[in-house]
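Read off the chains here:
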Protein chains: 4
Amino acid sequence: MKKVKVGIVGLGRLGIEHARNLAFKIPNAELIAVCSVVQDEVDKVQKEWGIPYGYTNYDEMIKNEELEAVAVLSPSPFHVKQIVSALDAGLHVFVDKPLGVTVEECKEAEKAVERNEDKVFMVGFMRRYDPSYAYAKKLIDEGRIGKPFLIKCTSCDPEHTIDGAIRFAATSGGLFIDMAVHDIDLARWYLGSEVDQIYAIGGSYVHEEFAKYGDGDNVCSLMKFKDNSMALFYAGRDAAHGYQVETEIVGTKGSLRIAAEPAKNMCKIFDNNGVVSECSQSFQERFSEAYVIEMQEFINCIVEGRKPDITVYDGTKNTEVAFAATKAFQENTVVHL
Amino acid sequence: MKKVKVGIVGLGRLGIEHARNLAFKIPNAELIAVCSVVQDEVDKVQKEWGIPYGYTNYDEMIKNEELEAVAVLSPSPFHVKQIVSALDAGLHVFVDKPLGVTVEECKEAEKAVERNEDKVFMVGFMRRYDPSYAYAKKLIDEGRIGKPFLIKCTSCDPEHTIDGAIRFAATSGGLFIDMAVHDIDLARWYLGSEVDQIYAIGGSYVHEEFAKYGDGDNVCSLMKFKDNSMALFYAGRDAAHGYQVETEIVGTKGSLRIAAEPAKNMCKIFDNNGVVSECSQSFQERFSEAYVIEMQEFINCIVEGRKPDITVYDGTKNTEVAFAATKAFQENTVVHL
Amino acid sequence: MKKVKVGIVGLGRLGIEHARNLAFKIPNAELIAVCSVVQDEVDKVQKEWGIPYGYTNYDEMIKNEELEAVAVLSPSPFHVKQIVSALDAGLHVFVDKPLGVTVEECKEAEKAVERNEDKVFMVGFMRRYDPSYAYAKKLIDEGRIGKPFLIKCTSCDPEHTIDGAIRFAATSGGLFIDMAVHDIDLARWYLGSEVDQIYAIGGSYVHEEFAKYGDGDNVCSLMKFKDNSMALFYAGRDAAHGYQVETEIVGTKGSLRIAAEPAKNMCKIFDNNGVVSECSQSFQERFSEAYVIEMQEFINCIVEGRKPDITVYDGTKNTEVAFAATKAFQENTVVHL
Amino acid sequence: MKKVKVGIVGLGRLGIEHARNLAFKIPNAELIAVCSVVQDEVDKVQKEWGIPYGYTNYDEMIKNEELEAVAVLSPSPFHVKQIVSALDAGLHVFVDKPLGVTVEECKEAEKAVERNEDKVFMVGFMRRYDPSYAYAKKLIDEGRIGKPFLIKCTSCDPEHTIDGAIRFAATSGGLFIDMAVHDIDLARWYLGSEVDQIYAIGGSYVHEEFAKYGDGDNVCSLMKFKDNSMALFYAGRDAAHGYQVETEIVGTKGSLRIAAEPAKNMCKIFDNNGVVSECSQSFQERFSEAYVIEMQEFINCIVEGRKPDITVYDGTKNTEVAFAATKAFQENTVVHL
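Residues numbered from 1 in each chain as written. Chains lettered and ligands numbered in written order. Predicted model: local features only at pLDDT ≥ 70, side-chain atom pairs only at ≥ 80, totals over all residues. Heavy atoms only, no water.

Digging into the sheet that holds strand S6 (residues 121-124) of chain A
All names here are of chain A.
In step 1: Strand order in the open sheet made by the six strands is S3-S2-S1-S4-S5-S6, with parallel pairing throughout. Looking at the sheet topology across the chains shown, the edges are occupied by strand S3 (53-55) and S6. The sheet shows a mean angle of 25° between the axes of neighbouring strands, taken without regard to direction.
In step 2: Relative to strand S2 (residues 29-35), strand S1 (residues 4-9) is paired through six bridges, and the arrangement is parallel. (Pairing = 2+ DSSP bridges. Helix = DSSP H or I, 4+ residues; strand = E, 2+ residues; numbered from the N terminus. Axes fitted to C-alpha atoms, helices over the stretch in contact; angles between N-to-C directions.)

The following block contains the structure:
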C-alpha cells in the first residue's frame, strides 16, 4: 500500500492525538517527522514511536524532501505562516481550526491555496466527520427534513477544565472564536447559506476572570442568514456535567437532533440519584472517532487526487463570522456582514 | 348529575387515596360512608371532608340503605367475606387486588358475583387504566405489533420503604402475590392467553429477613402460556433509584416498551453526576392518575349499566398464577397449571 | 365543603375545557353560569351538565348575585373590559393569557386589580402549574443549579393544526404574542429578572400566508435581561411530529431540562422506523393536568383568602415583552425596554 | 515498531472484517497470509490489499515459517481442529466464538492450550471489549452497584436478515448456541459465578422454518447460578427495528443498563412518526469498534507476553451452558449442570 509521508508541527494536547492517529490509525499514512519548540516533546515521541525525523524548527522540517504533507497543530497565531510556507514548498497541508487569527491572515492563506491548486488543503472542522453529524448531513441531503431553516447549537466545556481555560483566556480569542466556531461551521454547512446579521450577548456568570479579556464564560448569539434562515448559538465554559455538544436542525418537513444528551457511552447507572447518564468529559473523548476519520479523509484526498469538502474559504468564513459575533457581544449591538 | 353513593372500608395508605378520589375527583360519585376498625381514622376523615356516615363495623355500614356501592380497601384476608356480603346486600363492589388470599376463596367470590349478575364488580388491577398501558393495549388491538408472543415485566419497590416491607413480610404472601400479580395481570391481558407452566427462582440478596418467610427480596420467573407465548418477570423490593415498573411487549411485527425508564416527571437534571432522571418513589406516585381513572370507570359502569373489562375471573386467575409462581420458587421446580 | 360559585365566559376550544374542569374536576368549585355569544353553545352545556344559568350577554351574567367568581375565556380583545367590570362588580377573576391586547389595556386591568385588592385575580400562565415545570422551579429555589443565567425555550404547534392557525393569523397578534408569551413568562419566572433588550428574526418558511400579517411561521429571539441573564426563544407553527414545548434552564452549578422530548406518554414503539416516541398533538393534551391544577389554585386562593403567585403585573410584563419581540422581528432591529 | 505476523482462515462476512482490521487498524499487526477454500476470495484479498501469501489449504498456511499467529474465522465445525494444529505448530491463536460445536471438542481445545502454555489463546467474545460493556465491568469492579445478583439480556437479529438465518438454520446449532452464547458469556463475566440450573422455552412465532431444526425464532431462558444469582435471557431473529443487544445488571446497591435502546448513532429524527431513533442494523455495525479492540488486545497480549482475560475455559463453559439451554428448550424441562 502506498503510504503518504507526513510531518506534524505542534505536539500539545490535540497535536499529540493527531500525531498518534497518523502514526497508528491511518493505514495509508506514515508519520516520518515531528516538530515542536519543546525539544523534550520531540525526543519523547521520536523515541517511543520510532519516528525518524525530529525538529524544533518548522522551516527545517518542511525542507525534508521525503515529506509529502504536513499537519499544522501549532498555536493559532502560527497557522497562516506555516500553511503558506508548506504549500509553497510543495506540501499538502492539514491545519487545525482556526484557519488564522484575523480575517486578513485568512485571505493570505486563501492566496497560497489558490496558487498551489494541485495541493490538498484542509481545515480541521472535525465535527463534519463525526458519524452522527455526517449521518444528519446525509439525511438532509436526501430531503428527509425538507429545507433546513433553523439550527440550534450548544457547545460547553466542562467546569473541571476551567483553570486551563482561564490561563488561556488572554490569547484564546474568546468563546466565539475558540469554541462556537465549530457550531458556525456546522450552521453554514447544514443551512447552505452565509451569515448576514449577528446579535450576541453574554457575560462572566461564574468566573469573572473572562470579563477582563472582553470575553465571557457563557455567551449566546442569534444570527440571520442571507437566505433568511436562522441560527441560535450557546457556548459555555463551565458545564457541571461535562463536555456538551448538542445540535438541532429544523427543516420544513421535520427536524434532526444530534446528541440529544451528551452521554459518555451506552451505559446508564441506576442508583440513588435516579437514572444517570454520565457525560463525555472532553472534546477529545467526544470526537476521538471524528479526529481519525477527518485525518483519514485528508490522506485519502492526497492518495486519490481529490479535494476535501472543507475548503480554505470555509476557514475564512467561519473566522469572519466568529469575529463578527465577538464584536456584537463586546459592543452589545447587531453586526451586519 | 346523578351521583353514585359510595362507602369505603379500609383507610390505610391506599384506602385513604381511594377515599380522597371518591370524595373529590370522581364527579359522579359521592363518598357518604367510611369504615375502619380504627375509630380515629373514621373520625378524622368524617370531620375533615364532611362525610355523613362513619363506621368501625363493616356489616353495619352495608346496612346503610342510602349506599349503592362499596370500595373494599381492607387487608386482603377480609376481601372475600366483605365482597360476598356487600354483593348479597345488593351493592356494587370495587375491591383492591388481590381478590382473595387463596384460590378457594376466590371461587367463593366468583359465586357471589354470578348470583348477583346485575351488580357491577371490579378488581383493582389499576395498571390497565394507566394512560401509557392503556395506549399500549390500544396499539396492540389495532395490530401495530402483530401478534404479541412475549412480555417482559419489571416491578421493584424502592429500598427506602424496605422497613415497612420487612414488617409486612410475614403476611404479604411474598413478592409474586404482593407485587408481581400486577405483572401477571398485564401478561394475561396483553397476551390474551392463560399460563400453562411456571419456573421461578430468587433469593434474599440484600435483606435476609425475607428468607425466613419463604420469600425473597428479588425473584424472577419465566412462564409459558397455553398458546406458547412467553412471559419474563422480575420483581424486587430494594431498588436504589426508586419505584420501577417497566414493561415490554414483543409481537410478530414490532414491540412496545412502557416506561423505558421509571422517570418521576419530565424534568432532567444536568449536574456533576451527569444527566439525571429522578425516579418515581412509590406506586402511589407512579400510578396516581391510574387510580382515579380506574375508580371513575367503576362508577361509570354503575351509572351506565356496563360491566368492567376486569372480571372476578381475572382476580382468580391472577391469584392462581401468583400462588403457582410462589410454589415454583419455594420448591425450585416447574409448576404446571 | 364550601364550594365557590363560578361563571365562565367563552366556550370555545379552551373555554369548554376550563368549563369542564370547573364543573367536574375542582371539588370546591361549582360552575353555575355559562356565557357565550353563541346561544347553541350555552344551551348545549346547560343541558348536558345541568348548569342552572346561561347567558349570551356577559354584563347580564355578572349581575347574577349568586356568582362569586368568573373565568374569562373570551377572545383576547374582550379580556380587559370583562376583567374590569367583573372586579368592579365584586367578583374574583381568572383570565386566560394574554391579559390584554395592548400594554395600555393591561395598565387598565392593573388599576382595576389595585382598587379591588380584596379580590383574587389570576392570569392563566398554566405552564407554571405543570408538575414538571413546578418541580424545576422547586429545584431552582432549593439552589440545585446555583443561580440561573440562561433559559432556552422551544414552543411549536403541530403542522396538522396549520389551517386553523392561518385562519386565526389576522387577529392572533403573531407568534410571540400568541405562543412565545408562555415562554416569556417562564423566562421571567425562572430567571427572576426583567427583560432589557430584545433581538428577533424569523420568517414564513413553510406557509407564506403568515407574512402578509407581519407574522412568521417560525421565529427566534435572543433577549438580555436586566441582571445580564439571557433567554433564547424559538417558536413555530408547523412541527411535523406534534406539539412541542421544551425548556432548559442553565445555572452556575448545573442545568435543568424539562420535556427533553415532547413524548405523548411513556409508551415507545419499536418498529421498522426504529425506536419511536409518539408526541403530544396539542397544548390541551400536553398541559391537561396543568389546566386543572391552575384552576384549582385559583379556587383555593379564593377559599383560603390567598393571592396567586401570578399577578396582574406578570400579565402586563409578558404582554410588553411579547410586543417588543414582535416589533424587533418586524423592524429587524434591537428593541430596548 | 515490532509487528506480529498474522494469518487468517475464513474470509466470510465476519472473517473479512477481522482481516481488514488486522491489515489496516491494528498498528502492531501485519496480515501476511489469508486462507479460504474459495480461491476467488483469497485472490481478491491478496490483490486488493497486497497480502503476500494466499492459501486454500489451512494446513499449508500454518507451515509458513514467517507466521506468528492465526485468526480462526472458519465455520464452527472446523474450529477445534484448526486451533489444535495451529497451537501445536507453535502459533498464537485467536478463534471466533464458539470454541467448538460439542463440549467434548472444547475439552480437546483445552488440552491443546494447556500443553502450549507459552502461547496466547483467545476466544472472540467481543462484547467484553465494547467500550460500554467494558465500562460497566469497570463500574462493577469498583463496587458501584454492590454485588451483582441478576442480569437481564436481550439479543435480537433484524428481520431483514431472516433469509440468511433460515438458510443457516440446519447448521447454526440454534438460537442459544448461535446468539445467546454472547449473553451467557456476559452473564458469567459480570456475575462471576457459574450456571447451575436452566429452564428455557420458546417457539417459531414468526417463521415456522426454525421448528423443524429443533430451534425457535424467539426463545427465553431463566438460569440460576451456583451462588444463587439469576440470569434472564431473550434471543430472537426477527426484530422489526434492527439489531438489538440490551443488557441490565442488577446489584445490591444499584443497577447498570447498557444500550437502553439499540440506537444506530446519536442522530434522532423528529418527523410525522414522532421522535425516532434509528437502530443498528447488524452486529457488525453495533460492535465494529469492539472487533478492533478485541483483536488489538490479542496482538498486544502476544507482544507483551500476557494472557487475555477470556480463556479457553470460558469457551468451554459458554458452550456447555448454551447446549444445556438448547436441551432445556427442546425437552421442555429444567436442566441441571
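Observations regarding the relation of the copies chain A and chain B
In step 1: With an axial shift of 0.0 Å and an RMSD of 0.0 Å, the rotation relating chain A to chain B amounts to 180°. Between the two chains, the operation in question is that of a two-fold axis. By C-alpha distance to the rotation axis, the residue of chain A lying nearest is Val276(A), at 2.3 Å.
In step 2: Mapped onto chain B, 100% of the interface residues of chain A again fall at the interface, so both copies present the same surface. (Least-squares fit on C-alpha atoms with pLDDT ≥ 70 in both. Contact = heavy atoms within 4.5 Å.)

Describing the interface of chain C and chain A
In step 1: At the junction of the two partners, chain C supplies 40 residues and chain A supplies 40 residues.
In step 2: Considering only the side of chain C, the residues that lose the most area to chain A are Tyr199(C), Tyr205(C) and Leu222(C), jointly responsible for 20% of the buried surface there.
In step 3: Counting every contact that joins chain C to chain A gives two salt bridges.
In step 4: Within the residue set of the side of chain C that touches chain A, elements represented by two or more residues are strand S7 (148-158), strand S8 (195-203), strand S9 (218-225), strand S10 (230-239), strand S11 (244-251) and strand S12 (255-258) of chain C.
In step 5: For the side of chain C that touches chain A, the class distribution of residues is 19 nonpolar, 14 polar and seven charged. (Buried area = accessible area lost by both parts, 1.4 Å probe. Salt bridge = Lys/Arg side-chain N within 4 Å of Asp/Glu carboxyl O. Nonpolar A, V, L, I, M, F, W, Y, C, P; charged D, E, K, R; others polar.)

Remarks on unusual backbone geometry
Residues and elements named next belong to chain A.
In step 1: Note the cis peptide between Lys97 and Pro98, where omega equals -5°.
In step 2: By the secondary structure assignment, Pro98 is in the loop between strand S5 (92-96) and helix H5 (103-115).
In step 3: Residue Asn228 is not a glycine yet carries a positive backbone phi of 75°.
In step 4: Assignment of secondary structure puts Asn228 in the loop between strand S9 (218-225) and strand S10 (230-239).

Things to note about the interface of chain A and chain B
In step 1: Counting residues at the interface gives 17 residues for chain A and 17 residues for chain B.
In step 2: Carbon and sulfur atoms supply 58% of the area that chain A and chain B bury against each other, a total of about 1,300 Å² over both sides.
In step 3: For chain A, the biggest contributors to the area lost against chain B are Phe270(A), Asn273(A) and Val275(A); these three give 38% of the whole.
In step 4: Taken together, chain A and chain B are joined by two salt bridges.

What to know about the packing of helix H6 (residues 131-141) of chain B against helix H8 (residues 175-191) of chain B
Residues and elements named next belong to chain B.
In step 1: Two elements in contact, H6 and H8, have axes whose closest approach is 10 Å; the angle formed by their N-to-C orientations is 25°. The pairing of H6 with H8 is recorded here as roughly parallel in orientation. Touching Tyr133, Ala134, Ala136, Lys137 and Ile140 of H6 are Leu186, Trp189 and Tyr190, all from H8.
In step 2: Classifying every residue of the contact of H6 with H8 by side-chain character gives seven nonpolar, no polar and one charged. (Parallel < 35°, antiparallel > 145°, perpendicular 65-115°, else oblique.)

Quick notes on the state of the cysteines
In step 1: Throughout the structure, instances matching the rule amount to zero disulfides over all chains.
In step 2: Note on Cys153(D): no disulfide assigned, nearest cysteine sulfur contributed by Cys220(B) at a separation of 11 Å. (Disulfide = S-S within 2.5 Å.)

Re the domain arrangement of chain A
Residues and elements named next belong to chain A.
In step 1: Once the domains are mapped, chain A shows domain 1 (4-119) and domain 2 (128-287 + 318-336).
In step 2: Once you take the C-alpha centre of each, domain 1 and domain 2 turn out to be 27 Å apart.
In step 3: On the domain 2 side, the residues contacting the 10 residues of domain 1 number nine residues.
In step 4: Carbon and sulfur atoms supply 60% of the area that domain 1 and domain 2 bury against each other, a total of about 810 Å² over both sides. (Domains from an automatic or database assignment.)

Remarks on the relation of the copies chain C and chain A
In step 1: Aligned on chain A, chain C shows an RMSD of 0.0 Å; the corresponding rotation is 180° and the shift along the axis is 0.0 Å.
In step 2: The share of interface residues of chain C whose copies in chain A are also at the interface is 100%, consistent with both copies meeting through the same surface.

Quick word on the UniProt feature "domain: Gfo/Idh/MocA-like oxidoreductase N-terminal" (unreviewed entry) in chain A
In step 1: Under the UniProt annotation, the feature "domain: Gfo/Idh/MocA-like oxidoreductase N-terminal" (unreviewed entry) is placed at residues 4-124 of chain A.
In step 2: Between the end C-alpha atoms of residues 4-124 of chain A the distance is 18 Å, and the span holds 42% helix and 24% strand. (UniProt positions renumbered as here; feature names shortened; annotations may be inferred.)

As for the packing of H5(A) against helix H10 (residues 312-331) of chain A
All names here are of chain A.
In step 1: Remark: H5 packs on H10, axes separated minimally by 9 Å, with the N-to-C direction vectors making an angle of 175°. When the interaxial angle is binned, H5 and H10 end up roughly antiparallel. Within the contact between the two elements, H5 uses Val103, Cys106, Lys107, Ala109, Glu110, Val113 and Glu114 and H10 uses Val312, Tyr313, Gly315, Thr316, Thr319 and Glu320.
In step 2: Here the residues of the contact of H5 with H10 are counted per class, giving six nonpolar, three polar and four charged.

What to know about the pattern of salt bridges
In step 1: The final tally for this structure, using the stated rule, is 121 salt bridges over all chains.
In step 2: Linking Glu278(D) and Arg144(A) is a salt bridge whose minimum nitrogen-to-oxygen distance equals 3.5 Å. With one member in each of two chains, Glu278(D) in strand S14 (residues 274-279) and Arg144(A) in the loop between helix H6 (131-141) and strand S7 (148-158) form a pair that bridges those chains.
In step 3: For Arg144(A), a relative accessible area of 32% puts it in the partly exposed group.
In step 4: Measuring nitrogen to oxygen at the nearest pair gives 3.9 Å for the salt bridge that ties Lys327(D) to Glu331(D). Of the two residues, Lys327(D) and Glu331(D) are both situated in helix H10 (residues 312-331); the distance of four residues between them amounts to about one turn of the helix.
In step 5: On the basis of relative accessible area, Lys327(D) is assigned to the partly exposed category, the value being 42%.
In step 6: In this structure Glu331(D) comes out as partly exposed when scored by relative accessible area, which is 48%. (Buried < 20%, exposed > 50% of the residue type's maximum accessible area, 1.4 Å probe, protein only.)

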